[in-house]
Amino acid sequence: MSRPQQSDLEQKFDLLLKSNSIGANIKELSAEPHHLGSPGGKRVADAILKKFREYGWDAKIETYHVLFPTPKTRVLELTEPTRFSATLKELAVSEDATSGQEGQLPTYVAWSADGDVTGDLVYVNFGLPEDYKQLEKLNIDVKGKIVIARYGHSWRGMKPKIAYEHGAIGCIIYSDPKEDGYFQGDVYPKGAFKNEYTVQRGSVMDMVVYPGDPLTPGIGSTLKAKRLSREEATTILKIPVLPIGYHDALPLLSALEGPVAPQEWRGALPITYKIGGNGKATVHLKTEFNWDIVPAYDVIAKIKGFEFPDEWVIRGNHHDAWVNGASDPISGQASLLEEAKAIGQLVRSGYKPKRTLVYCAWDGEEQSLLGSTEWAEDHQNELSQKAVAYINTDGNGRGFLGAEGSHALENFVTEIAKDVKDPQTGSSVFERRQAAEAVRAGTPKLKKEALAKDSYSLGALGTGSDYSSFLQHLGIPTLSFGFGGEDAGGEYHSIYDSYDNFVRFKDPGFAYGVALSQVVGRSVLRLADADILPFDFRSLQKTISKYLEEVSHLSDQLREVNAVDNQLVKAKSYQLATDPKIVFIALTEKESVPVLDFSNLKTSLDSLQKSANQLYELQKKFNVIPDKKIDKLNVMLFQAEKQLLIPAGLPRRSWYKHAIYAPGFYTGYGVKTLPGIREAIEEGHWQEAREQIEIATKAVNRLNVALGNAIQIAREIQ
Ligand SMILES: [Zn+2]
């Protein structure tokens with residue numbers, strides 16, 4: 001499609017997007033609790049199916065059968081020095097019409113173990129690896145004890161995993177008012193932030209090993225699929241875990257004795273934060289779950305491509321929620337449906353997309369990407385051949401455009417961000433985002449750079465939403481979008497993520513719902529109709545080079561940090577600098593960090609730069625192409641990213657195969673770029689670091705060969 005034709009199509013598309021219809025869909029689809037396996041969940045899936053069909057799409061439900069634990073018993077009580085039983089309940093409020101409905105899942109986290117434990121309580125701050133290093137210095141361990149960690153700074157599932165690795169027998173995760181309670185603003189229902197009873201539900205599956213149904217890694221969980229036993233499933237936690245609000249956390253934290261918590265560990269409760277772990281405060285934690293296999297309903301809708309039916313542009317957002325989920329996920333789902341409606345109308349009035357459009361409403365995302373992972377695993381062969389790209393959203397709010405994904409699509413995203421207007425200011429969403437980056441940059445130099453930058457800085461994807469299987473397991477080029485930054489609140493995964501909350505604090509008027517449809521709709525339509533697919537490997541090459549600089553700097557820095565720390569240990573500086581009343585264990589010296597050789601990877605990236613430039617010049621020259629070979633070239637372009645897949649996968653988690661992007665083994669949602677190399681350095685596995693440099697070099701070389709072949713074809717056509 002020519003540029004004028006494309007922009008004419010997009011104008012028509014924009015005129016078909018209506019904020020009131022987005023609002024009506026948010027209201028309808030968040031009207032009742034609709035988690036995985038619930039009657040409300042089935043009703044939402046059926047309603048979405050019906051809408052796709054009304055819009056003219058060929059739609060069906062694909063059902064998978066997934067393990068889903070729901071709570072049977074939840075007990076948390078302080079038994080020493082006083083008795084207190086946690087309420088474990090959020091309260092209905094009159095300002096929120098759906099907050100008191102039947103059918104809400106209780107406050108809990110999925111994939112906690114069944115367990116009944118009693119133990120000494122220890123406060124572990126955010127429960128990160130460095131927090132345990134701090135505890136070690138203070139001579140406090142968590143072996144045989146129950147830890148209480150606050151939400152924030154890592155994905156929740158990391159907190160019990162790391163606690164378990166340190167020997168804890170139970171884990172409580174609480175929301176401190178400092179992060180998203182009264183320290184941030186008025187609490188719900190007066191304001192958007194957490195009141196004392198608000199609890200963040202969620203999954204604590206070890207999804208950085210593999211996401212999806214724990215019983216069927218790598219394959220779709222169809223009825224006849226061969227399943228692991230629960231004991232064999234490595235992603236289910238080994239200790240009991242419960243999440244609580246600060247009403248329930250206050251008596252527990254108040255009961256702790258022992259050293260005062262370091263300053264950065266202190267939250268906003270009106271107490272002196274202490275660490276405990278000295279036998280003064282004892283808690284009893286009991287959890288039991290129904291380990292049922294339930295149906296997950298993925299709604300899949302297609303419009304067949306008129307020229308290249310076997311090239312698929314895929315777009316998804318989940319439909320299941322922890323409770324009502326007006327924001328997460330329904331606001332994104334409503335934008336998806338609005339795009340589908342508009343595209344359906346365009347097709348009725350004669351528009352013929354060249355490539356096939358596949359719109360997906362996923363089930364079971366909240367339990368760790370069950371619906372999308374099972375579908376992607378079930379269809380992996382077909383997807384590997386046909387998927388041009390996967391575009392994800394997962395809810396939406398007010399503010400700035402967030403975009404992450406495959407860096408060969410960075411310039412593609414830049415163009416779209418420049419073409420879509422911000423609903424509040426009338427500037428482009430690119431300009432708003434750029435202004436925010438410049439204002440927030442830490443130094444005058446960085447501010448100047450941000451202002452001068454002409455491209456959108458695409459983030460890298462870790463995990464936490466339905467794109468994971470597409471990008472990290474199958475190597476399909478992926479993008480993820482959402483507006484936010486001016487919609488802060490504490491409703492996430494609570495009963496207060498409701499329509500009433502959404503229209504007050506998230507996207508009043510649903511203008512950003514329309515903006516999201518404009519951004520994603522353009523992405524879908526441009527990919528569907530491009531004569532030459534808009535992959536630009538120059539940005540990918542630049543980005544990988546930047547990551548290489550980072551990991552090389554990281555190893556240098558670590559070498560210096562360890563060397564200096566060893567000097568301090570030798571000189572007994574830690575003991576001399578601290579109050580002797582606080583007992584220290586003997587600190588051990590750290591391993592010295594060897595020099596790692598990155599030169600082969602650097603050389604490969606230099607060659608990649610040359611081929612990426614050459615290919616870009618050839619892509620630019622194309623005008624209208626009569627040649628059949630153009631399709632061959634396009635296939636090469638959308639298949640190229642798969643060269644970055646590591647055949648054997650990442651160490652200790654072979655499901656994750658992308659050499660450039662993975663969720664962190666100890667951060668969860670947070671991305672680790674060049675993950676094999678970076679994590680080997682962080683964990684001090686030097687031989688593995690050397691191997692991973694080699695593996696990444698081979699991946700870059702393969703991509704280079706693939707671009708070379710594409711250059712060959714491009715030359716033949718011209
Ligand atoms: Zn979500």
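The structure this text deals with has already been given above.
Residues numbered from 1 in each chain as written. Predicted model: local features only at pLDDT ≥ 70, side-chain atom pairs only at ≥ 80, totals over all residues. Heavy atoms only, no water.

Draft legend 1. Structural detail: the overall build of the protein. Helix and strand counts for the protein stand at 22 helices and 16 strands. Based on the C-alpha atoms only, the size of the protein along its principal axes is roughly 80 × 60 × 55 Å. Considering the protein as a whole, with its 718 residues, one finds that 60% of them fall into the buried category. Residue pairs in contact within the protein that sit at least 24 positions apart in sequence constitute 80% of those at least 6 positions apart. Entry remark: accessible area of the protein is about 27,500 Å², with carbon and sulfur atoms responsible for 52%. Separation of charge centres in the protein, based on 83 positive and 93 negative side chains, amounts to 3 Å. (Helix = DSSP H or I, 4+ residues; strand = E, 2+ residues; numbered from the N terminus. Buried < 20%, exposed > 50% of the residue type's maximum accessible area, 1.4 Å probe, protein only. Contact = heavy atoms within 4.5 Å. Areas by Shrake-Rupley, 256 points an atom, 1.4 Å probe, with all protein chains shown as cover. Lys, Arg positive; Asp, Glu negative; His and termini not counted. Charge placed at Lys NZ, Arg CZ, Asp CG, Glu CD.)

Draft legend 2. Local environment of the environment of valine 671. Structurally, the position occupied by valine 671 is in strand β16 (residues 668–673). Residues valine 671 and asparagine 381 lie 290 residues apart in sequence; the distance between their C-alpha atoms is 26 Å.

Draft legend 3. Broad picture of the coordination of the zinc ion. At the metal site, the zinc ion is ligated by His318 (NE2), Asp328 (OD), Asp394 (OD) and Asp394 (OD), and these contacts range over 1.9 to 2.7 Å. For the zinc ion, the 4 donor atoms in the first shell make angles of 53 to 147 degrees at the metal, so the coordination geometry reads as irregular. Sequence positions of the residues that donate to the zinc ion give the spacing H-x9-D-x65-D. Highlighted residues: aspartate 328 in helix α8 (residues 326–348) and aspartate 394 in the loop between β12 (387–393) and β13 (399–405), separated in sequence by 66 residues. Taking relative accessible area as the criterion, aspartate 394 reaches 24% and is therefore assigned partly exposed. (Donors = N, O, S within 2.8 Å, 3.2 Å for Na, K, Ca; no water. Tetrahedral: all angles 85-135°; square planar, octahedral: opposite > 155°, others 65-115°.)

Draft legend 4. Region of the structure containing empty space enclosed by the protein. Taken as a whole and assessed by the stated rule, the structure comprises 2 cavities of 30 Å³ or more. As a volume, the largest cavity reaches approximately 60 Å³. Lining the largest cavity, in full, are Phe430, Arg433, Gln434, Glu437, Ala450, Lys453, Ser455, Tyr456 and Ser457. The biggest single contributor to the lining of the largest cavity is helix α12 (residues 429–440), with 4 residues. Among the residues making up the lining of the largest cavity, the classes are represented as 3 nonpolar, 3 polar and 3 charged. Taken as a whole, the second largest cavity encloses approximately 40 Å³ of empty space. Those elements giving two or more residues to the lining of the second largest cavity turn out to be α21 (675–683) and α22 (686–717). Each residue belonging to the lining of the second largest cavity can be placed in one class, and the counts come to 8 nonpolar, 2 polar and no charged. (1 Å grid on protein atoms, 1.4 Å probe; cavity = no way out; pocket = protein on both sides within 12 Å on 5 of 7 lines; lining within 4 Å. Points joined across faces, edges and corners; volume = space filled by probe spheres on them. Nonpolar A, V, L, I, M, F, W, Y, C, P; charged D, E, K, R; others polar.)

Draft legend 5. Quick look at α8. Helix length check: α8, at 23 residues, gives a terminal C-alpha distance of 30 Å against a target of 33 Å (1.5 Å per residue), a fit within 8%. Taken across its 23 residues, α8 has 20 buried, putting it largely inside the fold. Phi for glycine 350, located one or two positions after α8, is positive at around 110 degrees. (Expected span 1.5 Å × (residues − 1).)

Draft legend 6. Spotlight on helix α1 (residues 3–16). With 14 residues, α1 ought to run about 20 Å at 1.5 Å a step, and its terminal C-alpha atoms sit 20 Å apart, in line with that. Along α1, the positions that sit buried rather than exposed are Gln6, Leu9, Glu10 and Phe13. End-on view of α1: buried residues confined to an arc of 100 degrees, all on one side of the axis. Structural note: α1 exposes Pro4, Gln11 and Leu15 on the side pointing more than 90 degrees away from its buried face. In this structure, the buried residues of α1 make contact with α8 and α16 (511–529). (Arc of directions from axis to C-beta.)

Draft legend 7. Just the nonpolar core, in detail. With 217 residues, the main nonpolar core has Phe52, Trp57, Leu252, Leu383, Phe481, Phe537 and Leu633 as its most contacted residues. The biggest single contributor to this core is α22, with 13 residues. When near neighbours in sequence (up to four residues on either side) are disregarded, phenylalanine 481 contacts Ile391, Asn392, Thr393, Asp394, Leu401, Gly402, Ala403, Val413, Leu516, Val519, Val520 and Ser523. (Core = buried A, V, L, I, M, F, W, Y, C linked by side-chain atoms within 4.5 Å.)

Draft legend 8. Geometry of the pairing of β12. Counting buried positions along β12 yields 7 of 7 residues, so the element is predominantly enclosed. Examined bridge by bridge, strand β10 (residues 308–318) and β12 share 5 bridges and lie parallel to one another. Following the sheet pairing, glycine 316 is matched in β12 by asparagine 392. Bridging between β12 and strand β14 (residues 478–485) involves 4 bridges; their strand directions are parallel. Following the sheet pairing, tyrosine 390 is matched in β14 by threonine 478. (Pairing = 2+ DSSP bridges.)

Draft legend 9. Summary view of the environment of arginine 150. Relative to the elements of secondary structure, arginine 150 occurs in strand β5 (residues 146–150). Residue classification places arginine 150 among the buried positions, given a relative accessible area of 2%. Separated by 454 residues in the primary sequence, arginine 150 and serine 604 place their C-alpha atoms 43 Å from one another. At a separation of 3.3 Å, a polar atom in the side chain of arginine 150 contacts the main-chain carbonyl oxygen of tryptophan 265. (Polar contact = N/O pair within 3.5 Å; in protein donor to acceptor, adjacent residues only side chain to side chain.)

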